[in-house]
Amino acid sequence: MLMTGAQYIESLRKLKTRVYLFGEEIENWVDHPMIRPSIDCVAVTYDLAHDPQYTDLMTAKSILNGETINRFCNIHQSTDDLRKKVKMQRLLGQKTASCFQRCVGMDSFNAVYSTTFEVDKKYGTTYHQNFLKYLKFVQENDLVVDGAMTDPKGDRGLAPSKQKDPDLFLRIVERRPDGIVIRGSKAHQTGSINSHEHLIMPTMAMGEEDKDYAVSFACPTDADGIYMIYGRQSCDTRKLEPDADVDLGNHKYGGQEALVVFDNVFIPNDRIFLCGEYDFATMLVERFAGYHRQSYGGCKVGVGDVIIGAAALAADYNGASKATHIKDKLIEMTHLNETLYCCGIACSAEGYPTAAGNYQIDLLLANVCKQNVTRFPYEIVRLAEDIAGGLMVTMPSERDFRSDLKVGKKGETIGDICNKYFAGSPTCTTEERMRVLRFLENICLGSAAVGYRTESMHGAGSPQAQRIMIARQGNIEGKKALAKAILDI
Ligand code: SF4
Ligand code: FE
């Protein structure tokens, strides 16, 4: 069954998800003005799947029964699937100018699918069967699943089991005949509140003493003992202002992160995908991170397309679009953005089948992709701010532009004065100019900067995490051999 966006939003209302924001429990979080834009954003992943022009990108065939499913629930069957994934993410970035949150589920499905197969082969466990059963449930109900990896980590110099507070990494606190009990948390979880389910994975390589921390499982978002504390974003309270519109920049969509707390949560045996096999923690982490680093070669590029478009509009509205330096800056932004896309496509095209049969991206190229993402969006944003001009951060509020308070000697209102002095090229209204500049403010340094700029740095792993992978995959010894062969050494 393919849900529509409206059905998805209604399905969230049925959950008893516990959400806290500004120190209070939020009962009706679905309609909360600070949360709703992030829900509407996920809803786009549902609505576009019903749009005939996007069927090829937005849907796939289930490996379980051949039924049409949303691509976000797909197990990649080819390099073509991997490329379509990136193209779908670029499309959604273009349509939402935001983080649409659903990719962490798709990336975790594929990592858990292949890893459980290999764990079972070594240990005779039944995790892969557990996961197939779970995948069927997810695909049949077209669910949003929050793939959750990142633990708070406490003292970064210490292993999970050596932390002063053992809860700083999520762990098994009790093993029962019918399942396990989990305690701990996952931090900065994208789309957590907007998900029907959570799929948990360990966060890093682990030793034997960390056995209780090497755990992967799935559970409903409203399971007993789970709650979320909402992550605030820069300028987020603008969303609470009455009739807020222009000042929001992106007044339609947004992203979302939260701290997810597991306060002794029971997980039944058939929802467990790893339970103490610490030697497989690395495989799960590398595969999930690899997929998510590929993802950034799609979503951030789509958002980049909107930023380039907004910068070009700002130039038009300033009457500056004919200046050669403006044209050159737009070329530079395009060059940077398409370079990121090249990396996303390349690591997909070079993908390979795992032992379980699904397709994994090329790890080196995916890590290069994400490493570039930690840099180029910053330069794209710098150029967008350059083109926009300082007005994007000094402009009066939309309430001033709409104010009918008389202030001038001829009876002009505050609105009249603002509209007179902030008028730009005759090709646009002052309000249209404001909209573009506020959008750039929002995405460069407002609430949307979480999903574009800072997420480009730290999402899917901070830059150093990619450098470790690049070092591992870079084959310096092989390259030395090449030099020696040429030089007869
Ligand atoms: Fe998807 Fe990008 Fe958001 Fe990750 S950051 S969930 S890849 S849109
Ligand atoms: Fe992300």
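Structure report, in brief. For clarity, every value in this text was computed on a predicted model and none was experimentally measured.

In this section: the sheet that holds strand β9 (residues 215–220). Judged by pairing direction, the sheet is mixed, and its 4 strands sit side by side in the order β5-β8-β9-β12 without closing on themselves. Both edges of this open sheet fall to β5 (145–148) and β12 (272–275), since each of them pairs with a single strand only. Sheet twist, expressed as the mean angle between neighbouring strand axes with direction ignored, is 20°. Of the strand pairs in this sheet, β5 and strand β8 (residues 197–200) are connected by 4 bridges, and their pairing is parallel. Residue pairing across strands places D146 opposite H198, the latter belonging to β8. Relative to the sheet, helix α5 (residues 103–123) contacts β5, β8, β9 and β12, its axis offset from that of β5 by approximately 60°. Running over the sheet, helix α6 (residues 127–141) touches β5, β8, β9 and β12 and is turned about 145° from β12.

Right, let's get into empty space enclosed by the protein. Per the stated rule, a full pass over the model turns up 4 cavities of 30 Å³ or more. Computed from the structure, the largest cavity encloses a volume of approximately 100 Å³. Forming the walls of the largest cavity are 17 residues, and the residues nearest its centre are S98, C99, G255, A448 and G451. Counting residues per element, the lining of the largest cavity draws most heavily on helix α15 (residues 450–458), at 3 residues. Taken together, the residues of the lining of the largest cavity sort by class into 8 nonpolar, 8 polar and 1 charged. Reported here for the second largest cavity is a volume of approximately 70 Å³. What lines the second largest cavity is a set of 14 residues, among which K239, Y253, G254, G255 and S447 lie closest to the centre. Taken together, the residues of the lining of the second largest cavity sort by class into 6 nonpolar, 7 polar and 1 charged. A domain split of the lining of the second largest cavity shows at least three residues from each of domain 1 (5–284) and domain 2 (289–480).

What follows is about the packing of aromatic side chains. Summed over all chains, the structure comprises 12 aromatic pairs. With a centroid separation of 6.0 Å and an interplanar angle of 45°, the aromatic rings of Y134 and F137 are classed as tilted. Of this pair, Y134 and F137 both sit in helix α6, 3 residues apart, roughly one helical turn. Counting every residue linked through ring pairs, the aromatic cluster contains F109, F131, Y134, F137 and F273.

Definitions and limits used
Residues numbered from 1 in each chain as written. Chains lettered and ligands numbered in written order. Predicted model: local features only at pLDDT ≥ 70, side-chain atom pairs only at ≥ 80, totals over all residues. Heavy atoms only, no water. Pairing = 2+ DSSP bridges. Helix = DSSP H or I, 4+ residues; strand = E, 2+ residues; numbered from the N terminus. Axes fitted to C-alpha atoms, helices over the stretch in contact; angles between N-to-C directions. Contact = heavy atoms within 4.5 Å. 1 Å grid on protein atoms, 1.4 Å probe; cavity = no way out; pocket = protein on both sides within 12 Å on 5 of 7 lines; lining within 4 Å. Points joined across faces, edges and corners; volume = space filled by probe spheres on them. Nonpolar A, V, L, I, M, F, W, Y, C, P; charged D, E, K, R; others polar. Domains from an automatic or database assignment. Phe/Tyr/Trp six-rings, centres within 6.5 Å; stacked < 30°, edge-to-face > 60°.

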